[in-house]
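Coordinate inspection notes
Residues per chain, in single letters:
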Amino acid sequence: MPARSETRSAQEGTAPLLRTLREDLRAAQERDPAARSMIEVALAYPGVHALWFHRVSHRLWNSGGAARLPARLLSQFARFLTGIEIHPGARIGRRMFIDHGMGVVIGETTEIGEDVVMFHGSTLGGVSMSKGKRHPTVGDRVLIGAGAKVLGPIELGDDAKVGANAVVVRDVPAGHVAVGIASPPKPARTEPARDPYADPALFI
């Protein structure tokens, strides 16, 4: 995924903000069976609110210079309101859904693809205090379970899954599943109905 960050930056610069915000709404409604209406999602879903604040703070952050302080303050205000901490420097693709949301942390140099789902208590964090790339790169259609910790400048390939409370410190190839504490990822089964890793209880 070496060129993905450049592609994401171009998408973020060209996609109208309002269209992106509407997509966030639809993504939450489509992925949460408890969502009864678009209005309910807009008013009562902290994961959506945190994403909306981030879309604005990220654009401020990318303006550079004096705009970075208000971007940081806006992200902290969003943290106060939602319990979700997203650094304004993080790059987040379209149609992400943060379910429940409380305790989610996304670090500064994180890069997230499209159609990603994160559950409460999960972290995309670093293992180093040095500057530079120190947070994960997440592919498209990735699912990160509740309480999972994905740490360091590693890559989660497209369609990867991270189980609840897993600690991941190495790359997870596309289509693989990571469960447990720093355990090697396992390939996903081809038949979801018989796939023990398809059990939602592993992720929420």
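None of the values given here were measured: they were computed from a predicted structure. Chains are numbered independently. Their residues run from 1 in the order of the written sequence. With the structure being a predicted model, the display of local features is reserved for residues of pLDDT at least 70 and the display and counting of side-chain atom pairs for 80 or more, all residues being used for whole-chain, interface and lining totals. Side-chain metrics rest on all non-hydrogen atoms present in the structure, leaving aside hydrogens and water.

**Some remarks on the pattern of salt bridges**
Salt bridge, as used here, is a side-chain nitrogen of Lys or Arg placed within 4 Å of a carboxyl oxygen of Asp or Glu. Using the criterion set out here, one finds 11 salt bridges in the structure. Here Arg55 and Asp24 are joined by a salt bridge, their closest N and O atoms 2.8 Å apart. Of the two residues, Arg55 is situated in helix 4 (residues 46-63) and Asp24 in helix 2 (residues 17-31); the sequence distance between them amounts to 31 residues. For every residue, the accessible area (1.4 Å probe, protein chains only) is compared with the maximum for its type, and the residue is labelled buried under 20%, exposed over 50%, or partly exposed between those bounds. Note on Asp24: relative accessible area 0%, which makes it buried. Of the charged contacts, one joins Glu111 and Lys133 as a salt bridge, the two residues approaching to 3.4 Å between their closest N and O atoms. Here the residue Glu111 occupies a position in strand 5 (residues 111-112), and Lys133 occupies one in the loop between strand 7 (123-125) and strand 8 (137-138), the gap between them amounting to 22 residues. Each member of the salt-bridge network shares a partner with another, and the members are Glu23, Arg31, Arg94, Arg95, Glu114 and Asp115. Elements are defined by DSSP. Helices are runs of H or I of four residues or more, strands are runs of E of two residues or more, and each kind is numbered from the N terminus.

**A short note on the confidence of the model for the protein**
Each residue carries a pLDDT score, the predictor's own confidence in it, on a scale running from 0 to 100. Put simply, the protein has an average pLDDT of 88, and 84% of its residues get 70 or more. Contacts are residue-level and defined by heavy atoms, with any inter-residue pair within 4.5 Å sufficient. Contacts from residues 9-14, a stretch scored under 50 in pLDDT, to residues over four places away or in other chains number seven contacts.

**Things to note about the nonpolar core**
Where a protein is soluble and globular, its nonpolar side chains tend to be buried together. One finds Met96, Ile106, Ile144, Leu156 and Val168 to be the most contacted residues of the largest nonpolar core, which totals 27 residues. Look past the residues within four positions of Ile106 in its chain and what remains in contact with it is Glu85, Ile86, His87, Ala90, Ile92, Met96, Ile112, Met118 and Leu124. The term nonpolar core refers to a set of buried residues drawn from Ala, Val, Leu, Ile, Met, Phe, Trp, Tyr and Cys, joined through side-chain atoms within 4.5 Å. Counting residues in each nonpolar core, the second largest holds 10 residues, with Ala28, Ala35, Phe97 and Ala146 among its members.

**What about the sheet that holds strand 11 (residues 155-156)?**
Taken in spatial order, the four strands make up an open sheet running 2-5-8-11, and their pairing is parallel. For this open sheet the edge positions go to strand 2 (91-92) and strand 11, each flanked by a neighbour on one side alone. If DSSP finds at least two bridges between two strands, the strands pair.

**Concerning the side chain of Ser57**
Within the fold, Ser57 resides in helix 4. Contact partners of Ser57, with chain neighbours within four places excluded, come to Ala71, Leu74, Ser75 and Pro88.

**Things to note about empty space enclosed by the protein**
One simple way to see leftover space: roll a probe sized like a water molecule over the atoms. Grid points spaced at 1 Å over the protein atoms alone were grouped into cavities, where a 1.4 Å probe fits but cannot get out, and pockets, open sets with protein on both sides within 12 Å along at least five of seven lines, with lining residues defined by an atom within 4 Å of a point. Grid points are joined across faces, edges and corners, and a volume is the space filled by probe spheres set on the points. Summed over all chains, the structure comprises two cavities of 30 Å³ or more. Here the second largest cavity defines a volume of roughly 40 Å³. Taken together, Ala50, Phe53, His54, Ser57, Ser75, Ala78, Arg79, Ile84 and Ile86 make up the lining of the second largest cavity. Elements with a minimum of two residues in the lining of the second largest cavity: helix 4 and helix 5 (68-82). Throughout this entry, Asp, Glu, Lys and Arg are counted as charged residues, while Ala, Val, Leu, Ile, Met, Phe, Trp, Tyr, Cys and Pro are counted as nonpolar. The remaining residues, Gly among them, count as polar. Per-class residue counts for the lining of the second largest cavity are five nonpolar, three polar and one charged.

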